[in-house]
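Each chain is listed here by its residues.
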Amino acid sequence: MPVARDRRRRGEWIALILLAGASGAADGLTFLTLGHVFAGVMTGNLVLLGLAFAGTADAVRPLIALGAYAGGAAVAALYARTGGRGVPAPDGGHDAPGAPAPYWPLRLRRVLAAEAVVLGLVGVTWALHGPDSAPWWSCVLLAALAAAMGAQSGALAVSGAPTAGPGTYFTGTLTQLAVRAAGARRSGADLAHLVRLAAVAGGAAAAAGLLTGGLARPAPIVPCVLVLAAVAIVTVTARGIRRPDAEHPPGRTSP
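Criteria and cut-off values
- Residues numbered from 1 in each chain as written.
- Predicted model: local features only at pLDDT ≥ 70, side-chain atom pairs only at ≥ 80, totals over all residues.
- Heavy atoms only, no water.
- Helix = DSSP H or I, 4+ residues; strand = E, 2+ residues; numbered from the N terminus.
- Buried < 20%, exposed > 50% of the residue type's maximum accessible area, 1.4 Å probe, protein only.
- Patch = residues over 30% accessible without salt bridge, like charges linked within 9 Å, V, L, I, M, F, W, Y side chains within 5 Å.
- Areas by Shrake-Rupley, 256 points an atom, 1.4 Å probe, with all protein chains shown as cover.
- Salt bridge = Lys/Arg side-chain N within 4 Å of Asp/Glu carboxyl O.
- Phe/Tyr/Trp six-rings, centres within 6.5 Å; stacked < 30°, edge-to-face > 60°.
- Lys NZ or Arg CZ within 6 Å of the ring centre and 35° of its normal.
- Axes fitted to C-alpha atoms, helices over the stretch in contact; angles between N-to-C directions.
- Parallel < 35°, antiparallel > 145°, perpendicular 65-115°, else oblique.
- Left-handed = near helix turned anticlockwise from the far one by under 90°.
- Contact = heavy atoms within 4.5 Å.
- Nonpolar A, V, L, I, M, F, W, Y, C, P; charged D, E, K, R; others polar.
- Expected span 1.5 Å × (residues − 1).

J.: What am I meant to see in the overall build of the protein here?
T.: What the protein contains, in helices and strands, is nine helices and zero strands. The order of helices and strands in the protein, counted from the N terminus, is α-α-α-α-α-α-α-α-α. Within the protein, the fraction of its 255 residues that count as buried is 45%.

Structure below.
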């Protein structure tokens, strides 16, 4: 069991890195092709909205991204909020009602799978019609990508699992790394956080490379593939950890 748990932890960290790459790729796509706004970096969109109020930028697309992201986060959080209850704790017992989940709950994985489906639909329609066939169409694609990123962040935020860090915003991650480095209080997870930051840049670079390299139509496949890979890894590494109540159903006592 300890080996299985360690494997599951590693799988969750790898999934976080892949989700960070997906976030970077989605932001690269929307910034370069859908009106210089972001799918997941809402701080940037708020700045763009402020510039629009000053008459130096367009307000429509930042508002679409902000609204779609918030909506996706809210819906995902409502669904995933109860997913952490009844998860087996690391010592083999049950969590108390409402306690943080020690691993990524099933509902979190379902939200991520749904996110991959949305990203896949965006990729198919993007390949068939392109990102800019009509102004309204690019707004639809922007809303879908922002809602997908919001769902990812919302579900991760409410899961309560120790390894379920932010999926689309990394200023806090960078700040904590800098603070710990300044105080010589490094954590064993710092390397994984650094890799996540690199994955954001790598995902954006991959999307940009496809867009500028004559492969603009299949470019949206990058975030979809990364999210699918994250879901697959977490699902595979979750095997081998049985729920305690599977061995001892309620109402029965162990021998």
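And the narrative resumes.
J.: I'm lost on a nonpolar patch on the surface in this one. Help?
T.: Side chains of Leu191, Leu194 and Val195 sit close together on the surface and give an oily, nonpolar patch of about 280 Å² of accessible area. When you line up the elements, Leu191 lands in helix H7 (residues 190-212).

J.: Help me understand the packing of aromatic side chains, please; the structure alone is not making it clear to me.
T.: Here the distance between the centres and the angle between the planes together describe a pair of aromatic rings. Evaluation of the coordinates by the stated rule reveals two aromatic pairs. Aromatic pair Phe31 and Phe38: ring centres 5.3 Å apart, planes at 20°, arrangement stacked. The class for Phe31 is partly exposed, based on a relative accessible area of 31%. Judged by centre distance (5.7 Å) and plane angle (75°), the rings of Trp136 and Trp137 are edge-to-face. Judged by its relative accessible area of 58%, Trp136 is exposed. The ring of Tyr79 has Arg107 sitting right over it, with the charged end atom 4.8 Å from the ring centre.

J.: How should I be thinking about the packing of helix H6 (residues 171-182) against H7 in this particular structure?
T.: Geometry of a packed helix pair, given as the angle between the helix axes and the separation of the axes. Look at H6 against H7: their axes get within 10 Å of each other, and the N-to-C directions meet at 140°. Classified by the angle their axes make, H6 and H7 are oblique. For the crossing formed where H6 meets H7, the hand is left-handed. Packed against H6, whose contacting residues are Thr173, Leu174, Leu177 and Arg180, the element H7 presents Asp190, His193, Leu194, Arg196 and Leu197 at the interface. Residues belonging to the contact of H6 with H7 are distributed by class as follows: four nonpolar, two polar and three charged.

J.: Is there a simple way to explain helix H4 (residues 106-129) in this structure?
T.: Since the α-helix packs 3.6 residues into each turn, any two residues three or four apart lie on the same face. For H4, which comprises 24 residues, the first-to-last C-alpha distance of 35 Å matches the rise-based estimate of 34 Å (1.5 Å per residue) to within 8%. Within H4 the residues assigned to the buried category are Leu108, Arg109, Val111, Leu112, Glu115, Ala116, Leu119, Val122, Gly123 and Trp126. One or two residues past the end of H4 sits Gly130, with phi positive at roughly 80°.

J.: Honestly, the pattern of salt bridges in this entry has me stumped. Any pointers?
T.: Side-chain pairs of opposite charge can arise whenever the charged atoms involved come near each other. Evaluation of the coordinates by the stated rule reveals one salt bridge. Put simply, Arg8 and Glu12 hold a salt bridge, and the shortest N to O gap is 3.7 Å. Highlighted residues: Arg8 and Glu12, both in helix H1 (residues 2-33), separated by four residues, approximately one helical turn. Of the residues examined, Arg8 reaches a relative accessible area of 6% and is grouped as buried.

By themselves, these figures tell us nothing about what the structure is for.
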